[in-house]
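So you can see what is in the structure, the chains are spelled out below.
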Amino acid sequence: MPIPNPTEAGTSPARGTATGPVAALFDAVAITIFVVIGRASHEEGYAPVAFLHTLWPFLVGCAAGWSITYVYAHVRSSDFFGHDFRPDRVVPVGIVIWFCTVTVAMILRFILSQGVAVSFVIVATVTLAVFLLGWRAVFAYLGRRAADR
């Protein structure tokens, strides 16, 4: 097992890397911002219980995506993920997390009668793609830019 280089460990947008906990925090913040914007656009208020009622299906979906990508990367059933779990990568980890976030959240919302109108599914899919894949794309860009220097 190789010894990690301390200068490569940690989080650095300038190097285009994010550790697991920081990447998870970025995802949670992105989903929370999505819910805040959604509740504000529908003038639904921010009562803690109501806010959490809207938020939790998306966080559960995100956790499912994280679990799938983490296990798949560590089982190494394919070289598609490589031998290193990098939650800050857009492809394939970010895409799987985004897909699971939207899919699981919509299934949970449907089961609990929280509403899954087609327009909401489209808006949620596009907005969460921008948020969950966007920060990863920015990190990748900054990493490439730093490598070119």
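Cut-offs and rules
- Sequence order as written defines residue numbering, which begins from 1 separately in each chain.
- Per-residue local features are limited, in this predicted model, to residues with pLDDT of at least 70; the limit for side-chain atom pairs, both in listing and counting, is 80 or more; totals at the level of whole chains, interfaces and linings are taken over all residues.
- Side-chain metrics in this entry use all non-hydrogen atoms of the structure; hydrogen atoms and water are not considered.
- By definition, any uninterrupted DSSP run of H or I lasting at least four residues is a helix, any uninterrupted run of E lasting at least two residues is a strand, and each is numbered from the N terminus.
- Burial here depends on accessible area, computed with a 1.4 Å probe over protein chains only, as a share of the maximum for the residue type. Under 20% is buried, over 50% is exposed, and the range in between is partly exposed.
- To be clear on the numbers: accessible area is Shrake-Rupley with a 1.4 Å probe, and residue cover counts the displayed protein chains and nothing else.
- Expected span of a helix, by definition, is 1.5 Å for each gap between consecutive residues, and there is one gap fewer than residues.
- Only heavy atoms enter the contact rule, under which two residues are in contact if any of them lie within 4.5 Å.
- UniProt positions are given in the numbering used here, feature names are shortened, and annotations may be inferred rather than shown by experiment.
- For helices, the axis comes from a line fit to the C-alpha atoms of the stretch in contact; other axes are also lines fit to C-alpha atoms, and the angle between any two N-to-C directions lies between 0 and 180 degrees.
- The hand of a helix crossing depends on one turn: near helix anticlockwise from the far one by less than a right angle means left-handed, and clockwise means right-handed.
- Asp, Glu, Lys and Arg are counted as charged, while Ala, Val, Leu, Ile, Met, Phe, Trp, Tyr, Cys and Pro are counted as nonpolar; the rest, among them Gly, fall into the polar class.

Per an unreviewed UniProt entry, the protein chain goes by the name DUF3054 domain-containing protein and belongs to Gordonia amicalis.

Peer 1: Looking at this structure, I do not really get the overall build of the protein chain. What am I missing?
Peer 2: A tally of helices and strands in the protein chain yields four helices and zero strands. For the protein chain, the N- to C-terminal ordering of α and β elements is α-α-α-α. Out of the 149 residues in the protein chain, the part that is buried amounts to 31%. Surface exposure of the protein chain reaches about 8,800 Å², of which carbon and sulfur atoms provide 72%.

Peer 1: It is not clear to me how helix H3 (residues 90-111) should be interpreted in this structure. Could you clarify?
Peer 2: For an α-helix, 3.6 residues make a turn, and residues three or four places apart therefore share a direction. For H3, which comprises 22 residues, the first-to-last C-alpha distance of 30 Å matches the rise-based estimate of 32 Å (1.5 Å per residue) to within 8%. Within H3, burial applies to Pro 92, Val 93, Gly 94, Ile 97, Cys 100, Thr 101, Val 102, Ala 105, Met 106 and Arg 109. On its buried face, H3 sits against helix H1 (20-41), helix H2 (48-75) and helix H4 (118-148). Taken from the residues just after H3, Ser 113 is the one with a positive phi, measuring 55°.

Peer 1: Even after reading the chapter, I still don't get the UniProt feature "transmembrane region" (unreviewed entry) in the protein chain, so can you show me in this structure?
Peer 2: Under the UniProt annotation, the feature "transmembrane region" (unreviewed entry) is placed at residues 20-38, 50-73, 93-112 and 119-142. Summarising residues 93-112: 95% helix, 0% strand, and an end-to-end C-alpha distance of 28 Å. For residues 119-142, the end-to-end C-alpha separation is 34 Å, with 100% helix and 0% strand making up the annotated structure.

Peer 1: In this structure, what is going on with the packing of H1 against H2? I would like to understand it.
Peer 2: Working note: a packed helix pair is described by the angle between its axes plus the distance between those axes. It is the contact of H1 with H2, at a shortest axis distance of 10 Å, that shows an interaxial angle of 145°. Classified by chirality, the crossing of H2 by H1 is right-handed. Residues Gly 20, Ala 23, Ala 24, Asp 27, Ala 28, Ile 31, Thr 32, Phe 34, Val 35, Val 36 and Arg 39 of H1 lie in contact with H2, whose contacting residues are Ala 50, Phe 51, Thr 54, Leu 55, Phe 58, Leu 59, Cys 62 and Trp 66. Split into classes, the residues belonging to the contact of H1 with H2 amount to 14 nonpolar, three polar and two charged.

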